[in-house]
Amino acid sequence: MRHVHAFGDDALGDFDAVGLVDAIKSGRVGRAEVVEAAIARTEAVNPELNGLAYQAFDRARAEAAKAAESSALAKDGFFSGVPTFVKDNVDVAGLPTMHGTDAWPPRPAEIDGVFSRLYLATGMTPLGKTQMSEYGFSASAEHPRLGPVRNPWSTDHTAGASSSGSGAFVAAGAVPIAHANDGGGSIRIPASCNGLVGLKPSRGRLPLDKEVSRMPIRLVANGVLSRSVRDTAAFYREAERIWRAPKLPSIGDVKHAGKQRLRIVVITHSVLRECSPEMRELTLKSAALLEELGHHVDHLEKPPVPASFASDFVLYWGLLAMGQIQLNRRAIGDAFDVTRLDNLSRGLDRHARRNMHRLPLALMRLAGARRHTARLARNYDVVLTPTLAGETPRIGYLDPTADYQQIIDRLVEWAAFTPLQNVTGEPAISLPLALSANGLPVGMMFAAPTGQEVRLLELAYELEQARPWARIDHQI
């Protein structure tokens, strides 16, 4: 396997975002040299990873130069000077928003979206936008013309999706932290594929742009991908200082492992089938580690939702595809070329149109999924599953030019565990606790009841200390 990374002896070093903040504030590195290092690293790895949707390097340089002229850094956000990327499905003023497609000509957004205003208020400096699967529907970004986003651990393999570009750049060391969002696993899937920390927060924890906030079931949650638990925890702390979720308990400043021993249930069977033998073995090894740490661990044969969940989710996914295509037709007009959409987007659209009569009952069942997980939460604090049902596939396995039914069948089988928390609105975190026999990162997913991000972060700190993640720059 070919590893691709840009870690080296420059201003970024091997700092995580919190470490970089300290280095900038102490004067050990300057904001301008940090931005230049991140640009150089991005230019070094992007030809092989293809994670860049749009570059804004000159904008980042200008922002760093302006800050260097000011002595009022204390007024900036906590992450002031930390380079980052924004996923290409939220608006950033002056940058185009293409949603992973080339079905219309790029045009710059006039204003920042609701989420990007919060994200950039934390002080981070955006270098541009990252590539994603078309509309975020596939778990692998392999656009027929824009090309695939490749995994820095092995460029023959996918970086996951839809937040694939963000995952690839963080894992490769181009930036320490990047925006991601998750409507069916798209924070947790690239976290698993690229060996990162990926927390999908509770529904309502962070604001959404208007388009996705109007969904009948609000599947999407914004967040970040990072290499350390403390970076993810610090992001949520800072985001909460800017925008407080009115109906959820505070996360606050989580810096350490929790002392409480948890009741944890392990499930290796998805709604439809058992995960691969290797994923099952690695999940059980993670469960054994939890027991060694003093947690109480039980095993459950199947998840607490009906078998109809998978087909209901695909139908709802189809409704979202249909709505997205209609929205683009109205907003973009004749410049929108539906024939340039991939087979998955168009196939989901057809699937919804042909099955509209099934949609009301499917929505009702999906809305009721939280009742099933709530019953499980009466007896357990955390649910452990593999993040994905099998090892990270090679580029081409989820080829969007293939027959729609082949693509959707493979998606449902591989990304079998993550959609549940999108439907219920509960938080879940993927942690890079294992490596496959082929040396690829494997994520373990921990889910908790709504509002319990603190529980997940404290457990993540404990596991990070007990079993430090493998690092790409230490691999042969």
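Above this note sits the structure.
Not measured: the values here are computed from a predicted model. (Residues numbered from 1 in each chain as written. Predicted model: local features only at pLDDT ≥ 70, side-chain atom pairs only at ≥ 80, totals over all residues. Heavy atoms only, no water.)

*Asks:* Now, about the overall build of the chain: what can you tell me, with residues and values included?
*Replies:* Within the chain one finds 16 helices and 15 strands. Over its C-alpha trace the chain gives a radius of gyration of 21 Å, about what one expects of a compact globule, namely 23 Å for 476 residues. Dimensions of the chain along its principal axes, counting C-alpha atoms only, are 60 × 60 × 45 Å. In the chain, the proportion of contacts linking residues at least 24 apart, taken out of those at least 6 apart, comes to 79%. When the accessible surface of the chain is totalled, it reaches about 18300 Å², and 50% of it is carbon and sulfur. One way to put it: in the chain the 54 positive side-chain charges average out to a point 7 Å from where the 52 negative ones average out. (Helix = DSSP H or I, 4+ residues; strand = E, 2+ residues; numbered from the N terminus. Rg over C-alpha atoms; globule rule 2.2 N^0.38 Å. Contact = heavy atoms within 4.5 Å. Areas by Shrake-Rupley, 256 points an atom, 1.4 Å probe, with all protein chains shown as cover. Lys, Arg positive; Asp, Glu negative; His and termini not counted. Charge placed at Lys NZ, Arg CZ, Asp CG, Glu CD.)

*Asks:* Account for unusual backbone geometry, naming residues and giving values.
*Replies:* Going from A161 to S162, the amide bond is cis rather than trans, its omega being 0°. Within the secondary structure layout, S162 lies in the loop between β7 (154-158) and α5 (164-171). Here the phi dihedral of H99 falls at roughly 55°; this positive angle occurs in a residue that is not glycine. Residue Y135 is not a glycine yet carries a positive backbone phi of 60°. Residue Y135 is classed as buried on the basis of its relative accessible area, which comes to 10%. (Buried < 20%, exposed > 50% of the residue type's maximum accessible area, 1.4 Å probe, protein only.)

*Asks:* Which residues make up the side chain of E426, and what values go with them?
*Replies:* On the secondary structure map, E426 appears in the loop between α15 (419-424) and β14 (428-435). No salt bridge is formed by the buried E426; the nearest opposite charge belongs to R370, separated by 4.7 Å. At a separation of 2.9 Å, a polar atom in the side chain of E426 contacts the side chain of T373. (Salt bridge = Lys/Arg side-chain N within 4 Å of Asp/Glu carboxyl O. Polar contact = N/O pair within 3.5 Å; in protein donor to acceptor, adjacent residues only side chain to side chain.)

*Asks:* Got a sec to walk through the sheet that holds strand β3 (residues 125-130)? Specific residues and values, please.
*Replies:* Two orientations exist for strands paired in a sheet by backbone hydrogen bonds: parallel and antiparallel. Spatial ordering of the open sheet is given by β1-β3-β2, a layout of three strands whose pairing is mixed. Looking at strand neighbours, the two that pair on one side only are β1 (52-55) and β2 (83-87), the edges of this open sheet. Direction aside, neighbouring strands of the sheet carry axes that sit 40° apart on average. The pairing of β1 with β3 spans three bridges and is antiparallel. Each bridged residue has a counterpart across the sheet, and for Q55 the counterpart in β3 is G128. This element, helix α2 (residues 31-49), spans β1, β2 and β3 of the sheet and lies at about 15° to β3. Seen against the sheet, α5 touches β1, β2 and β3 and runs at an angle of roughly 130° to β3. (Pairing = 2+ DSSP bridges. Axes fitted to C-alpha atoms, helices over the stretch in contact; angles between N-to-C directions.)

*Asks:* Describe the pattern of salt bridges, and please don't skip the residues or the numbers.
*Replies:* For the coordinates displayed, the defined rule picks out 26 salt bridges. The salt bridge involving R263 is made with D381; its shortest N-O contact spans 3.1 Å. Of this pair, R263 sits in strand β11 (residues 263-267) while D381 sits in the loop between α13 (369-377) and β13 (382-386), placing them 118 residues apart in sequence. Residue class for D381 comes out buried when judged on its relative accessible area of 8%. In this structure, K285 engages E281 in a salt bridge whose closest nitrogen and oxygen atoms are separated by 3.5 Å. Here the residue K285 and the residue E281 both occupy positions in helix α9 (residues 277-292), the gap between them amounting to four residues, near one helical turn. Given the relative accessible area of 44%, E281 is considered partly exposed. A network of salt bridges, in which partner residues are shared, links R237, E238, R241, D253 and K255.

Note that all results are geometric; they support no functional claim without further evidence.
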